[in-house]
Amino acid sequence: MEKAAVQADGLLIPLIDFSKFLDGDETQKLETAKAILHGFQTAGFIYLSNIPIAPQTRKHVFDTSAKFFKLPIDTKLSHGWTTPEANRGYSAPGREKVTQLTDVNEVEKIRSQAPDIKESFEIGREDEPGHPNQWPAEEGELIGFKSTMTDFFAQCKALHTEVMRAIAVGMGIDPNFFDGFVDVGDNTLRLLHYPAVDKKVFQVNPGQVRAGEHSDYGSITLLFQDAAGGLQVKSPNGQFVDATPIEGTCVVNAGDLLARWSNDTIKSTIHRVVEPPSKSEGDIHPPRYSIAYFCNPNFKDHIEAIPGTYATEAEKKYDGINSGQYLVQRLAATY
């Protein structure tokens, strides 16, 4: 029986030892794969422990991320996010509004009422034609920034492949079914900084959040959190439940495209980042740092319902769709 990382209001997010899938015997591998799939089918979220990314690597990436966000605002803006097609570079606080809305005017309305209190830096694969990464100058504390992030990108890409293999094993299809859909690495590494904020901000504006309620767009998201907290996941009963950080784990959630790919047998669950639990004395919430690795099927690929998720053509809920076009369409509404 897997442990529960989160259990409240009808929401159970399992804590799963991923080493049993990677290194276990055939029975352990199958049991772990089924637990992963069940977590995605019921909660849309899982916590993974014992992933093949070393704790010291994660700490180094977090430390390096914090050094980037300490740069002067003008320096950061010189590496600014440009287009949904590129999806690379820096976004200042209030630039992006994550939401379930798709109408640009509606998004702008809620952005003006309660802008997200966060800044981010997006990194894509290095070899995508026409869309170079916006690397900061390698000087001072940022010497080694590029190699740190490209190495971490590669490790997350490998983890994405393994999680998709676990999903395939859980589904009872070819374990390598997804390999050819995720081999290019059309993914996004997002460094996130939620600045220190006066607690009164949340009292004066009850609608204020650090990141608005939303689902993710792609296949899965790998989320690495610090200890600050604030992530909440929507329960089946409609309440938001704290997804408390557990040291040494990676939170993994299914995205909208995987839900569509699975013919809605997998859930893409709404979540948000709110005022953190008040652990600190005084009037200021400390900063929060997190790192999200947004995984996608290759942008060139056509996504149709996975074999075994439907019995007849009539049971397919969605038409096939191009992965890249779908993701650009979704991103265009949030910036």
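Coordinates for the structure precede this section.
Values in this document were obtained by computation on a predicted structure and should not be read as measured data.

A. Highlighting the overall build of the protein. The helix and strand tally for the protein stands at ten helices and 17 strands. A compact globule built from 335 residues would reach a C-alpha radius of gyration of about 20 Å, and the protein, at 19 Å, matches this within 12%. Along the first, second and third principal axes, the C-alpha atoms of the protein reach 55 × 45 × 45 Å. Across the 335 residues that make up the protein, the buried fraction comes to 53%.

B. Geometry of the layout of surface pockets. Looking at the largest pocket, its volume works out to about 650 Å³. The wall of the largest pocket is formed by 47 residues, among which Glu122, Arg190, Asp216, Tyr217 and Phe294 lie closest to the centre. Counting only elements with at least two residues in the lining of the largest pocket, the list comes to strand E6 (188-194), strand E8 (211-214), strand E9 (220-225), strand E13 (271-273), strand E15 (288-294) and helix H10 (323-332). Here the residues of the lining of the largest pocket sort into 20 nonpolar, 16 polar and eleven charged. In this structure, the second largest pocket occupies an estimated 360 Å³ of space. Lining the second largest pocket are 16 residues, with Gln225, Asp226, Ile246, Glu247 and Gly248 positioned closest to its centre. Contributing elements (two or more residues each) for the lining of the second largest pocket: helix H3 (55-69), E9 and strand E12 (250-254). In the lining of the second largest pocket, the residues fall into nine nonpolar, three polar and four charged.

The rules behind these values
Residues numbered from 1 in each chain as written. Predicted model: local features only at pLDDT ≥ 70, side-chain atom pairs only at ≥ 80, totals over all residues. Heavy atoms only, no water. Helix = DSSP H or I, 4+ residues; strand = E, 2+ residues; numbered from the N terminus. Rg over C-alpha atoms; globule rule 2.2 N^0.38 Å. Buried < 20%, exposed > 50% of the residue type's maximum accessible area, 1.4 Å probe, protein only. 1 Å grid on protein atoms, 1.4 Å probe; cavity = no way out; pocket = protein on both sides within 12 Å on 5 of 7 lines; lining within 4 Å. Points joined across faces, edges and corners; volume = space filled by probe spheres on them. Nonpolar A, V, L, I, M, F, W, Y, C, P; charged D, E, K, R; others polar.

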